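Inside the fold
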Amino acid sequence: MTFVPPAVQAIADLTESTGLSKADVINRAVQIYAYLDAQTRGGADLLLRGPDGPPEKLHIV
C-alpha cells in the first residue's frame with residue numbers, strides 16, 4: 001500500500017499526538033470516513049464550527 005506524502009505526514013503527526021500505532025490511526029480514519037460518507041449519502045450536512053466562528057459546511061471530495 002502506498003500513501004501520498006501528505007498522508008504519510010498526517011499519519012506520523014497523528015501517531016505522535018495520540019500515541020496510537022499507524023495501524024490504529026489508519027483503522028480509525030477509515031471507520032470515520034465510512035461513517036461520514038454514509039451520513040452525507042443519506043442527506044446529512046457536515047458542519048464544523050471553530051471556537052469563535054459560525055458553523056462552516058465541509059465538503060469531502
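Read on for a plain summary of the structure. (Residues numbered from 1 in each chain as written. Predicted model: local features only at pLDDT ≥ 70, side-chain atom pairs only at ≥ 80, totals over all residues. Heavy atoms only, no water.)

1. Topic: the pattern of salt bridges
Basically, it comes down to this: Between Lys or Arg on one side and Asp or Glu on the other, a salt bridge is scored when a side-chain nitrogen of the former is within 4 Å of a carboxyl oxygen of the latter. A run of DSSP states H or I qualifies as a helix once it reaches four residues; a run of E qualifies as a strand once it reaches two. Both are numbered from the N-terminal end. Exposure classes here rest on a 1.4 Å probe applied to the protein chains alone. A residue is buried below 20% of its type maximum, exposed above 50%, and partly exposed in between.
Tallying each qualifying case throughout the model produces two salt bridges. Here Asp37 and Arg41 are joined by a salt bridge, their closest N and O atoms 2.8 Å apart. Here Asp37 and its partner Arg41 are both found in helix 2 (residues 22–41), four residues apart, which amounts to about one turn of the helix. Exposure remark for Arg41: the relative accessible area of 64% places this residue in the exposed category. Between Asp45 and Lys57 there is a salt bridge whose closest N-O contact spans 3.2 Å. Here the residue Asp45 occupies a position in the loop between helix 2 and strand 1 (46–48), and Lys57 occupies one in strand 2 (residues 56–58), the gap between them amounting to twelve residues. A relative accessible area of 45% means that Lys57 is categorised as partly exposed.

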